[in-house]
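A structural walkthrough
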Amino acid sequence: MTPGTAREADVLGRLQRRFVTGSVSALPWLEPACGSGRLLRRLAARGLKAVGYDLDRDMVAYAEAAISRRGLQNRVTVQVGDMASPPSVRQQTGFAFNPWNSIRHLRDDAAVLSHLEATAVALAPGGVYAVGLSLTAPEGDPPEEDVWTATRGRCRVLQVVNWEPADHRVERAHVQTVVRRGAQEEFLSSSYDLRTYTAKQWRDLLTSSPLRSIGAVDLHGRDRGDRDLPYQFEILTHADR
Ligand SMILES: C[S@@+](CC[C@H](N)C(=O)[O-])C[C@H]1O[C@@H](n2cnc3c(N)ncnc32)[C@H](O)[C@@H]1O
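Residues numbered from 1 in each chain as written. Predicted model: local features only at pLDDT ≥ 70, side-chain atom pairs only at ≥ 80, totals over all residues.

A look at the overall build of the protein chain
For the record, the criterion: Helix numbering and strand numbering both begin at the N terminus, where a helix is a DSSP run of H or I of at least 4 residues and a strand a DSSP run of E of at least 2. Residue burial here comes from a neighbour count, namely the number of other C-beta atoms, placed from the backbone, that lie within 10 Å of the residue's own C-beta, with 20 or more meaning buried, 12 or fewer meaning exposed, and in between meaning partly exposed. C-beta atoms are first placed from the backbone for all residues, and any pair lying within 7 Å is then listed as a contact.
Scanning the protein chain from N- to C-terminus turns up five helices and eleven strands. Along the first, second and third principal axes, the C-alpha set of the protein chain runs to 55 × 50 × 30 Å. Counting every position in the protein chain, which comprises 241 residues, the buried fraction comes to 31%. The contacts in the protein chain between residues at least 6 apart in sequence include a share of 63% that link residues at least 24 apart.

So, in structure tokens, the structure goes:
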């Protein structure tokens, strides 16, 4: 996911500047399900303070090593944690972000509500949570294929993701990855499930949470307006504000 990280960090910066105002905008950022920490590192390199957590110990170990290699450990910390019962953050945060459908890893309403409650506690009043989400059409989605490529030095990665249409609100991703290092080739195969949400299911779930939507924007941070988008950021803030 590394190519394009700088541009993604630019969009997050624009969202934070637009939706978080006053003294809250000086508070650290939070990334649930931070993975390799690629966005946190980029943001920290720009001078921001941030914290993140991820369920996968190997991801967190990778992120920690990459953070210290770049001398960013005073600005960004990561830990192992589950979105459904997140580790408590010592300092309040002003802007939380969770791109690329990671929230859909949570399997049921109870897990998502627990996540939103904990994130609301981690956010100072006036803080904002940007959740990156692909919503499902009420009549269901057709099978789809995503193709991703990335190159670093001599390492080239090709990843093909086939999305099986949802069954009982579970969409299965079948992932085939080819990693080439010079003449060496490695094939990896895996699959995982994501929970699906129609716009109404997402809205209904939010009504039981301490957060409410104050807008939706596209991948580049432009207002969604009336468009049906393949992917969007839902902008959430405390419901009582
Ligand atoms: C698509 S990656 C996104 C990583 C990161 N946000 C980024 O953009 O690079 C999804 C991440 O969600 C993490 N994840 C899945 N279920 C989780 C959970 N219940 N709690 C925390 N992290 C989880 C995975 O380990 C993985 O690192």
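Right, picking up where we left off after that structure.
As for the nonpolar core
Heads up, the rule is: Linking buried Ala, Val, Leu, Ile, Met, Phe, Trp, Tyr and Cys residues through C-beta atoms within 7 Å yields a set, and such a set is a nonpolar core.
Counting residues in each nonpolar core, the largest one holds 44 residues, and the members touching the most others are Leu-40, Ala-50, Ala-96 and Tyr-129. Looking at this core element by element, the count peaks at six residues for strand E5 (residues 123–133). Other than its neighbours up to four places away in sequence, Tyr-129 contacts Ala-96, Thr-119, Leu-123, Leu-211 and Leu-236.

As for the pairing of strand E9 (residues 184–195)
What counts, and what does not: Strand pairing requires that DSSP identify at least two bridges connecting the strands.
Here strand E8 (residues 170–181) runs beside E9; their pairing, made up of twelve bridges, is antiparallel. By the bridge assignment, His-174 is partnered in E9 with Ser-191. Joining the antiparallel neighbours E8 and E9 is a turn of two residues, in which Gly-182 adopts a positive phi near 60°.

Topic: helix H4 (residues 109–122)
Basically, it comes down to this: Take the residue count of a helix, subtract one, and multiply by 1.5 Å to get its expected span.
In this model, H4 (14 residues) spans 20 Å end to end at C-alpha, consistent with the 20 Å of a helix rising 1.5 Å per residue. Regarding H4, the residues found buried are Val-112, His-115, Leu-116, Ala-118, Thr-119, Ala-120 and Ala-122. Taken together, the buried residues of H4 touch strand E1 (29–32), strand E4 (93–98), E5, helix H5 (199–207), strand E10 (211–217) and strand E11 (232–238).

Description of the sheet that holds E8
In plain terms, the rule: For every element, the axis is a line fit to its C-alpha atoms; helices are fit only across the contacting stretch, and the angle between N-to-C directions ranges from 0 to 180 degrees.
Strand order in the open sheet formed by four strands is E6-E7-E8-E9, and the pairing between neighbours is antiparallel. In this open sheet, the two edge strands, each paired with only one partner strand, are strand E6 (144–152) and E9. Strand-to-strand twist in this sheet, taken as the mean axis angle between neighbours without regard to direction, amounts to 15°. As judged from the nine bridges shared by E6 and strand E7 (residues 155–167), these two strands associate in the antiparallel manner. The residue bridging Ala-150 from the neighbouring strand is Val-157, located in E7.

With respect to the domain arrangement of the protein chain
For clarity, the cut-off: What marks off one domain from the next here is an automatic or database domain assignment.
Taken domain by domain, the protein chain comprises domain 1 (5–135 + 197–238) and domain 2 (144–194). A C-alpha centroid distance of 24 Å is found between domain 1 and domain 2.

Overview of the sheet that holds E10
Strands sit in the order E3-E2-E1-E4-E5-E11-E10 across an open sheet of seven strands; the sheet is mixed. Looking along the sheet, the strands with just one partner apiece sit at the ends: strand E3 (76–80) and E10. Averaged over all pairs of adjacent strands, the angle between their axes in this sheet comes to 20°, without regard to strand direction. Note: E10 against E11, six bridges, orientation antiparallel. Bridge assignment links Arg-212 to a residue of E11, and that residue is Thr-237. Where H4 meets the sheet, it contacts E1, E4, E5, E10 and E11, and its direction lies at approximately 140° from that of E5.

Some remarks on helix H1 (residues 5–19)
Just so we agree on the cut-off: For this quantity, the arc is that covered by the directions from the helix axis to the C-beta atoms.
Helix length check: H1 (15 residues) gives 21 Å between terminal C-alpha atoms against 21 Å at 1.5 Å per residue, within 8%. When H1 is considered as a whole, its buried residues turn out to be Ala-9, Leu-12, Gln-16 and Phe-19. Axial view of H1: buried residues confined to an arc of 110°, hence all on one face. For H1, the exposed residues lying more than 90 degrees away from the buried face are Arg-7 and Arg-17. Against helix H2 (38–45), E4, E5, E10 and E11 lie the buried residues of H1.

Focus on unusual backbone geometry
A positive phi is found at Trp-100, a non-glycine position, where the angle reads about 60°. As for its placement among the helices and strands, Trp-100 is situated in the loop between E4 and H4.

Details of the packing of H1 against H2
For clarity, the threshold we go by: Oblique is the label for every angle not falling under 35 degrees (roughly parallel), over 145 degrees (roughly antiparallel), or within 65 to 115 degrees (roughly perpendicular). Helix crossings get a hand from a simple test, with the near helix turned counterclockwise from the far one by less than a right angle marking a left-handed crossing and a clockwise turn marking a right-handed one. Three classes are used: nonpolar for Ala, Val, Leu, Ile, Met, Phe, Trp, Tyr, Cys and Pro, charged for Asp, Glu, Lys and Arg, and polar for all others, with Gly counted as polar.
Running from N to C, H1 and H2 cross one another at 70°; their axes reach a closest spacing of 9 Å. It follows that H1 is roughly perpendicular to H2 by the angle criterion. Both H1 and H2 take part in a crossing whose hand is right-handed. The segment H1 lies against H2, with Thr-5, Ala-6, Glu-8 and Ala-9 engaging Arg-38, Leu-39, Arg-42 and Leu-43. The residue makeup of the contact of H1 with H2, split by class, is four nonpolar, one polar and three charged.

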